[in-house]
Amino acid sequence: MKRLVTIATLVGFIFATGTVWAQGLPTAKAEQVGISSERLERVSRALRGEIEAGKIPGAVALVARKGRVVYFESFGHRDKASGDPMAKDAIFRLYSMTKPFASVAAMMLMEDGKLLLTDPVSKFLPQLAKREVSTQQFDPASGKGGYVVVAAEREITIQDLLRHTSGLVYGGFTPNARMKELYQKAGVDWAGVTPEEQVDRLAKVPLAHHPGTTWEYSLSTDVLGRVIEKVSGKTLGRVLDERIFGPLKMADTGFVVPKDKIARLAQPLAVEPSTGQPIKLVDVTVTPKNDAGGAGSASTAGDYARFLQMMLNGGQFEGTRLLSPTTVAYMTANHLGSMKIVPLGGVGTGYGFGLGFAVRTEAGVAGVSGSVGEYRWGGAAGTAFWVDPKDEMLTVLMTQGAPGAARGYTNTLFRQMVRQAIVE
């Protein structure tokens, strides 16, 4: 992670005056971009309520519309155990909010002519050729069923990795008990393994679905990171730093939090309120064995807003272009069609999935208002974002809690309160 003198003091001055810049994005009064400042206060009340209820230790929230920040606030504690208050420049473990970074990097390589979305993954990772699929079959004559392994109908493609239609799963998330067992036995994971170990272990386990037939959230983006490394000849972290974080001046984003920034790292509560179990998060203060494209990075709300504004601007920010507008539009279109969806994280309830993002397909159906074409995702430890091109709006919520714990209520409440503040 690159080093930068923190501008927390300057940010405070900026929001006191409301005239210049905050974390690199210009600011505006809410009413100047069709948002009610009075209604925005309801966002603050809602987040304070979640903290007072003991659900989260603290939060940082940012809302920008038409390229200008209208709301950027911190609440509660960065570290409740030490009593340190939350700050706007706090650094959060992103977990799955790492996936959009890897997805954008892959599309940049596509624009470089280094790969095709139709390329088989085995072109870059031969271990993943000639995959098999574990399927459940039922014999009407005997009334018994069981699992059999059959040859995959086709190879996994780069597009499958980007849209989670590879047939891979997450061993800890999948509802498929057989796949849980197989992943556990093979030691399939993303943390604590080298890139080679991760791919080799995946190669030993059959797929849960034939590629291109089913959306299921998975380790696909981790494998995509391995492809990026093979194509570029560099580690994923270096690629992201050189091609995304550096150009966008995301100085607090990367796979390792350096020593001089550890005091800004947000910490969870000691135990998860819903289970009473101790919380253990990935250690982002030490160099990982692999730069996990699906889960390994850390960032700030301000840095992530710069990345999202680049996407909202059609691939460019502050004169630096990362992607073509046509590529951004393609990434944020629904790529699932009529495929079966194994529901998770809102996909399937008014949302499909593009190339790295859940994409809203209907104005209704979902549990909170939004425009068709809005895209979003979140991280298991409490981070989330939404980008609405129709409303020219982006929102970021950063909290920190137990991986996999239910944060849907807090995220949905935040999104609901932001949406009700739009008046024009």
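In this text, all values refer to a predicted model and were calculated from it rather than measured experimentally.

Some remarks on the sheet that holds strand β18 (residues 393-398)
So, point 1. Taken in spatial order, the eight strands of this open sheet run β5-β4-β3-β18-β17-β16-β15-β14, and their pairing is antiparallel. The open sheet is flanked by β5 (84-85) and β14 (351-353), the only strands paired with a single partner.
So, point 2. Summarising the sheet, strand β16 (residues 375-378) and strand β17 (residues 384-388) pair through four bridges and their orientation is antiparallel. By the bridge assignment for β17, W377 is matched with F385.
So, point 3. With respect to the sheet, helix α9 (residues 301-312) is in contact with β3 (58-65), β4 (68-79), β16, β17 and β18, its orientation differing from that of β18 by roughly 155 degrees.

Structural notes on the side chain of S134
So, point 1. With respect to the helices, strands and loops of the structure, S134 is situated in strand β7 (residues 132-139).
So, point 2. Owing to a relative accessible area of 5%, S134 belongs among the buried residues under this scheme.
So, point 3. Filtering out sequence-adjacent residues up to four positions away, S134 remains in contact with Y147, V148, R178, M179, P206, L207 and A208.

Comments concerning the packing of aromatic side chains
So, point 1. Scanning the entire structure with this criterion turns up 16 aromatic pairs.
So, point 2. Aromatic pair Y170 and F173: ring centres 5.4 Å apart, planes at 70 degrees, arrangement edge-to-face.
So, point 3. We classify F173 as partly exposed; its relative accessible area is 41%.
So, point 4. Aromatic rings pair up to connect F101, F245, Y304, F307, F357, Y375 and F385 into one cluster.
So, point 5. One residue, K88, lies across the ring of F72, its end atom 5.6 Å from the ring centre.
So, point 6. Stacked on the ring of Y351, the Lys or Arg R376 has its end atom at 5.4 Å from the ring centre.

Some remarks on the layout of surface pockets
So, point 1. Of the pockets and cavities examined, the second largest pocket occupies roughly 410 Å³.
So, point 2. If you go around the second largest pocket, you meet 16 residues; those closest to its centre are Y170, G172, F173, D189 and W190.
So, point 3. Its residues assigned to classes, the lining of the second largest pocket comprises 11 nonpolar, four polar and one charged.

The rules we used
- Residues numbered from 1 in each chain as written.
- Predicted model: local features only at pLDDT ≥ 70, side-chain atom pairs only at ≥ 80, totals over all residues.
- Heavy atoms only, no water.
- Pairing = 2+ DSSP bridges.
- Helix = DSSP H or I, 4+ residues; strand = E, 2+ residues; numbered from the N terminus.
- Contact = heavy atoms within 4.5 Å.
- Axes fitted to C-alpha atoms, helices over the stretch in contact; angles between N-to-C directions.
- Buried < 20%, exposed > 50% of the residue type's maximum accessible area, 1.4 Å probe, protein only.
- Phe/Tyr/Trp six-rings, centres within 6.5 Å; stacked < 30°, edge-to-face > 60°.
- Lys NZ or Arg CZ within 6 Å of the ring centre and 35° of its normal.
- 1 Å grid on protein atoms, 1.4 Å probe; cavity = no way out; pocket = protein on both sides within 12 Å on 5 of 7 lines; lining within 4 Å.
- Points joined across faces, edges and corners; volume = space filled by probe spheres on them.
- Nonpolar A, V, L, I, M, F, W, Y, C, P; charged D, E, K, R; others polar.

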